[in-house]
Amino acid sequence: MTTTAPPPRQAPEDQPERGGLIARVSLGRAFRPVSTEFLLIASAALLLTGFGLVMVLSATSALDGAQNPLEHVLKQGVFALIGIPLMFVLSRAPLKFWKRMAWPALILAVMFQLLVFTPLGVSANGNRNWIVIAGIQAQPAEFLKLALALWMGYVLFRKQTLLSNWRHVFIPIVPVGALVIATVMGGKDLGTAMILVLVLLGALFFSGVKLRIFVLPAIGALGAVALLAVTSPDRMRRIMSFLDQDCLANYLGDCYQPLHGIWGLASGGILGVGLGNSAEKYDWLPAAANDYIFAIVGEELGLIGCVVVLGLFAMFAVGAFHIIRRTDDPFVRIVAGGITIWIVGQAMINIGVVLRVFPVLGVPLPFMSQGGTSLLSVLIACGVLLSCARTLPDRRAVADEAPRSTSGRRPARRS
């Protein structure tokens, strides 16, 4: 009778080989191919940021007598150098991190916004939505947009089974959302308040609430915006000038900026007057590097430059909406929907203002307008979108599973 000896125990010197295998597997996961949505969003963000830096350099080269034409673009470049690596670092964050950060992010963003009503606050053009700390000017309301999208995603995700009841939809969404928007309206910034309303409505829409429940807050939001416009003589004056057919009669008044924006676009033609050759930036067009930078793009680079900008925003929108369509996670769908409506909607409003489709609202063009706070907040939001894109199922794995689920085995390949 023969007996088999037990297998020998693994020698201690074999342990490093196992550790090396684990390290190789972890490294492989870290550098595995990313999804198409990830590439579309990241590429659009990088190209728009680079394009924006070039246009900020061109639009600000005439400021201050051109004594230091690089001063403004260097400040913008610092925020780009901070924001771009931060975007890719945050793209590695798991969904648990964003869910845990939802409430703290909203509380901190509201507290940051309230600083505008302290001695740190600065007023400009009738609005009080800026602060100055150690010589650095910032607009806290830009971070409210991302914080509100994350908070809406977390709250609506936790209430997925209760969204058929209007009470669970309205509480705490309506009171908290109204409080957040009120902190911005306290500084008389209707444009930013409208973007926050878009974020709130976008998150509600993508949460899957019933249409009859969604219509009520939508009507309430439109009514609130109309009330805020009617109760402000300055806003009503700008709206009436926008509706005025004979705007030339009010050239030296509220029509001055919209007219010069249209003239800048018109003078560019198809090919433009050449990069850096804008005439409007020489103290003719107010906010040439901020809210009206699209007019400088049209003047210097013509219709072709405008189409390129629109194409990049379209590429961003396609990647973001693909995340919303492909995900099975309600939190991802709601957060991605809110951020997408914010960035794409704000871009459409800004370009519509330059084209005189909308009255002057004072919202920047995402990625491109001068403003470090705006650029940093948008790049961080892109990091959240990229983190959501990493959670999407692999297309190849889904394609392989479909034949197996129907026939029980993979079909033979054709030669």
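Okay, so let's go over this structure. Note that the coordinates shown come from a computational prediction; the quantities given were computed from them, not determined experimentally.

For the protein, the count of helices and strands is 15 helices and 3 strands. For the protein, the residues scored as buried account for 45% of the 415 residues in total. Approximately 21300 Å² of the protein is accessible, and the part contributed by carbon and sulfur atoms is 67%.

Another point: the side chain of Asp189. Position of Asp189 among the secondary structure elements: in the loop between α7 (173–185) and α8 (190–206). Although Asp189 is buried, it makes no salt bridge; Lys145 carries the closest opposite charge, 7.4 Å away. Reaching out from Asp189, the side chain makes a polar contact with the side chain of Asn129 at a distance of 3.1 Å. Side-chain polar atoms of Asp189 contact the side chain of Gln139, separated by 3.4 Å. Excluding anything up to four places from it in sequence, Asp189 contacts Asn127, Asn129, Gln139 and Val184.

What follows concerns the pairing of strand β1 (residues 121–124). Sheet topology places β1 next to strand β2 (residues 127–133); 3 bridges connect them, and they run antiparallel. Among the inter-strand pairings, Val122 is bridged to a residue of β2, identified as Trp130. Where β1 hands over to β2, the hairpin turn is made up of 2 residues, of which Asn125 adopts a positive phi near 55°.

With that settled, consider the nonpolar core. The biggest cluster of nonpolar side chains holds 108 residues, and the ones touching the most others in it are Met152, Phe316, Ile339, Trp342, Phe367 and Met368. If we ignore the near neighbours within four places in the chain, the residues touching Trp342 are Glu142, Lys145, Leu146, Ile195, Val199, Ser377, Val378 and Ala381.

What follows covers the packing of aromatic side chains. One pass over the structure, following the stated rule, counts 10 aromatic pairs. On the numbers, 4.9 Å between centres and 70° between planes, the contact of Phe97 with Trp98 is edge-to-face. With a relative accessible area of 5%, Trp98 lands in the buried category. A ring pair is formed by Phe313 and Phe367, whose centres lie 6.4 Å apart and whose planes are at 50°; its orientation type is tilted. In this pair, Phe313 is assigned in helix α12 (residues 293–326) and Phe367 in the loop between α13 (330–354) and α14 (372–389), connecting sequence segments 54 residues apart.

Relative to the 18 Å expected for 13 residues at 1.5 Å per residue, helix α11 (residues 256–268) spans 19 Å between its end C-alpha atoms, a close match to the ideal helical length. Every buried residue of α11 is accounted for by Gln257, Pro258, Leu259, His260, Gly261, Gly264, Leu265 and Gly268. Against the buried residues of α11 lie α12 and α13. Note on α11: the residue one or two positions beyond its end, Gly269, has a positive phi of about 65°.

Where α8 meets α13, the closest approach of the two axes is 8 Å, and the angle between their N-to-C directions is 140°. With respect to α13, the element α8 is oriented oblique. At the point where α8 passes α13, the crossing takes the right-handed sense. Mapping the contact onto sequence places Ile195, Leu198, Val199, Gly202, Ala203 and Phe206 in α8 and Arg333, Ile334, Gly337, Gly338, Ile341, Trp342, Gln346 and Ile349 in α13.

On to the packing of helix α5 (residues 141–158) against α14. The interhelical angle for the contact between α5 and α14, taken along N-to-C directions, is 20°, at an axis separation of 8 Å. As summarised for this structure, α5 and α14 are arranged roughly parallel, according to the angle between their axes. Note on packing geometry: the crossing formed by α5 with α14 is right-handed. Across from Glu142, Phe143, Leu146 and Leu150 in α5, the residues of α14 making contact are Thr373, Ser374, Leu376, Ser377, Ile380, Ala381 and Val384.

Helical periodicity: at 3.6 residues per turn, an α-helix aligns residues three or four positions apart in one direction. Over its 34 residues, α12 extends only 34 Å from the first C-alpha to the last, a length that falls short of the 50 Å expected when each residue adds 1.5 Å. Where α12 bends most, at Leu301, the angle is about 130°.

Among the surface-exposed residues, Ile270, Leu271, Leu303, Ile304, Val307 and Val308 lie close enough to one another that they form a single nonpolar patch of about 580 Å² accessible area. If you trace the backbone, Ile270 turns up in the loop between α11 and α12.

Scanning all chains against the criterion turns up 4 salt bridges. Note that Lys75 and Glu71 form a salt bridge whose closest N and O atoms lie 3.7 Å from each other. On the criterion of helical spacing, the pair formed by Lys75 and Glu71 is a turn pair, its members being 4 residues apart in helix α3 (residues 71–90). Residue classification places Glu71 among the partly exposed positions, given a relative accessible area of 31%. Measuring nitrogen to oxygen at the nearest pair gives 3.7 Å for the salt bridge that ties Lys281 to Glu300. With Lys281 in the loop between α11 and α12 and Glu300 in helix α12, the pair connects residues that are 19 residues apart, well separated along the chain. Judged by relative accessible area, Lys281 falls into the buried class, the value being 3%.

The next point concerns the sheet that holds β1. Strand order across the open sheet formed by 3 strands is β1-β2-β3, with antiparallel pairing between neighbours. Each having just a single partner strand, β1 and β3 (136–138) make up the two edges of the open sheet. Between one strand axis and the next, the sheet turns by 40° as a mean value, whatever way the strands run.

Omega for the bond connecting Ile171 with Pro172 falls within 30 degrees of zero, at 10°, which places this linkage in the cis form. With respect to the secondary-structure elements, Pro172 resides in the loop between α6 (166–170) and α7. One non-glycine residue, Ala287, adopts positive backbone phi at about 55°. Structurally, the position occupied by Ala287 is in the loop between α11 and α12. For Ala287, a relative accessible area of 29% corresponds to the partly exposed category. At Phe367, a position not held by glycine, the phi torsion is positive, near 75°. Owing to a relative accessible area of 2%, Phe367 belongs among the buried residues under this scheme.

Conventions used here
- Residues numbered from 1 in each chain as written.
- Predicted model: local features only at pLDDT ≥ 70, side-chain atom pairs only at ≥ 80, totals over all residues.
- Heavy atoms only, no water.
- Helix = DSSP H or I, 4+ residues; strand = E, 2+ residues; numbered from the N terminus.
- Buried < 20%, exposed > 50% of the residue type's maximum accessible area, 1.4 Å probe, protein only.
- Areas by Shrake-Rupley, 256 points an atom, 1.4 Å probe, with all protein chains shown as cover.
- Lys, Arg positive; Asp, Glu negative; His and termini not counted.
- Salt bridge = Lys/Arg side-chain N within 4 Å of Asp/Glu carboxyl O.
- Polar contact = N/O pair within 3.5 Å; in protein donor to acceptor, adjacent residues only side chain to side chain.
- Contact = heavy atoms within 4.5 Å.
- Pairing = 2+ DSSP bridges.
- Core = buried A, V, L, I, M, F, W, Y, C linked by side-chain atoms within 4.5 Å.
- Phe/Tyr/Trp six-rings, centres within 6.5 Å; stacked < 30°, edge-to-face > 60°.
- Expected span 1.5 Å × (residues − 1).
- Axes fitted to C-alpha atoms, helices over the stretch in contact; angles between N-to-C directions.
- Parallel < 35°, antiparallel > 145°, perpendicular 65-115°, else oblique.
- Left-handed = near helix turned anticlockwise from the far one by under 90°.
- Bend = angle between axes of the 7 residues up to and from the residue.
- Patch = residues over 30% accessible without salt bridge, like charges linked within 9 Å, V, L, I, M, F, W, Y side chains within 5 Å.

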